[in-house]
Amino acid sequence: AHAGAWIELANQTDLTTTTNTANAAATKANAAATLTAVQTFTAGQRGEVTALTDASSIATNLALSNNFAITLGGSRTLANPTSAVAGQSGSIFITQDGTGSRTLAYGSNFKFAGGTAPTLSTTAAAVDRLDYVVKASTQIHAVVSLDVK
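From a predicted model like this one, the values you see are computed outputs, not experimental measurements.

Asks: Run through the overall build of the protein chain, naming residues and quoting values.
Replies: Counting its regular elements, the protein chain contains one helix and nine strands. Counting from the amino terminus, helix and strand elements in the protein chain follow one another as α-β-β-β-β-β-β-β-β-β. Per-residue burial over the protein chain gives 28% buried out of 149 residues. When contacts within the protein chain are restricted to residue pairs at least 6 apart in sequence, long-range pairs at least 24 apart make up 54% of them.

Asks: Describe the pattern of salt bridges, with residues and values.
Replies: Enumeration according to the criterion identifies four salt bridges in this entry. The salt bridge involving Arg 102 is made with Asp 97; its shortest N-O contact spans 2.7 Å. One salt bridge in this structure joins Lys 149 and Asp 147, with 3.5 Å as the shortest N-O distance. Relative accessible area serves as the criterion here: at 87%, Lys 149 is assigned to the exposed category.

Asks: Let's hear about the nonpolar core: which residues, and what values?
Replies: Ile 92 and Leu 130 are the most contacted members of the largest nonpolar core, which totals 20 residues. Elements supplying a minimum of two residues to this core: β3 (67-72), β5 (89-96), β6 (104-106), β8 (127-136) and β9 (139-145).

Asks: I'd like to hear about the environment of Ala 126, residue by residue, with values.
Replies: Relative to the helices and strands, Ala 126 resides in the loop between β7 (110-111) and β8. For the pair Ala 126 and Lys 149, spaced 23 residues apart in sequence, the C-alpha separation works out to 8.2 Å. In this structure Ala 126 touches Ile 94, Thr 95, Gln 96, Ser 121 and Asp 147, once residues within four positions along its chain are discounted.

Asks: Which residues make up the sheet that holds β9, and what values do they have?
Replies: Within the open sheet, the six strands sit side by side as β1-β3-β5-β8-β9-β7. Their pairing is mixed. Sheet topology places β1 (49-51) and β7 at the edges, where each strand pairs with a single neighbour.

Asks: Describe the packing of aromatic side chains, with residues and values.
Replies: Per the counting criterion, the structure on display carries two aromatic pairs. When the centroid spacing of 6.1 Å and the interplanar angle of 65° are considered together, the rings of Tyr 106 and Phe 110 count as edge-to-face. Both residues of the pair, Tyr 106 and Phe 110, count as buried. A ring pair is formed by Tyr 106 and Phe 112, whose centres lie 4.9 Å apart and whose planes are at 65°; its orientation type is edge-to-face. Three or more aromatic residues link up through ring pairs in this structure, and these residues are Tyr 106, Phe 110 and Phe 112.

Asks: How would you sum up the sheet that holds strand β4 (residues 76-78)? Please name residues and give values.
Replies: Spatially, three strands are ordered β2-β4-β6 in an open sheet, and the strand pairing comes out parallel. Each edge of the sheet is formed by a strand with only one pairing partner; in this case those strands are β2 (57-58) and β6. Across two bridges, β2 lies against β4 in parallel orientation. Opposite Ser 57, over in β4, you have Thr 77 as the bridge partner.

Criteria and thresholds
- Residues numbered from 1 in each chain as written.
- Predicted model: local features only at pLDDT ≥ 70, side-chain atom pairs only at ≥ 80, totals over all residues.
- Heavy atoms only, no water.
- Helix = DSSP H or I, 4+ residues; strand = E, 2+ residues; numbered from the N terminus.
- Buried < 20%, exposed > 50% of the residue type's maximum accessible area, 1.4 Å probe, protein only.
- Contact = heavy atoms within 4.5 Å.
- Salt bridge = Lys/Arg side-chain N within 4 Å of Asp/Glu carboxyl O.
- Core = buried A, V, L, I, M, F, W, Y, C linked by side-chain atoms within 4.5 Å.
- Pairing = 2+ DSSP bridges.
- Phe/Tyr/Trp six-rings, centres within 6.5 Å; stacked < 30°, edge-to-face > 60°.

So, in structure tokens, the structure goes:
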């Protein structure tokens, strides 16, 4: 009588384990990523590079993207971004137009090492990259890589 009971118990355990494994796999396969859960990515993730509009004061809405690009058509100011939320990070690709020698001033929320904003490359078509991390809505830590080729 005991041998049959052990076999029955073993079969129930195998069935339960198999069912739980299958259910977990199905749940994982059908689960959509959520913004409130920790995610593990097993493939490369990409964010688009959003074009900014050239103007005397360049507006950036950080709710639209993490990465941006602008071609300077004159000496400009990169205004304080809107929708800045602590923890966001990204890059702004800054390209000199065909004339070059364009300067860029920065809104007061941009914070650079030593408190001094960098001078951009001035060669026609030169590309500089500003990388940023939002520390607080009014504090954007930034570094610039110059003349990236």
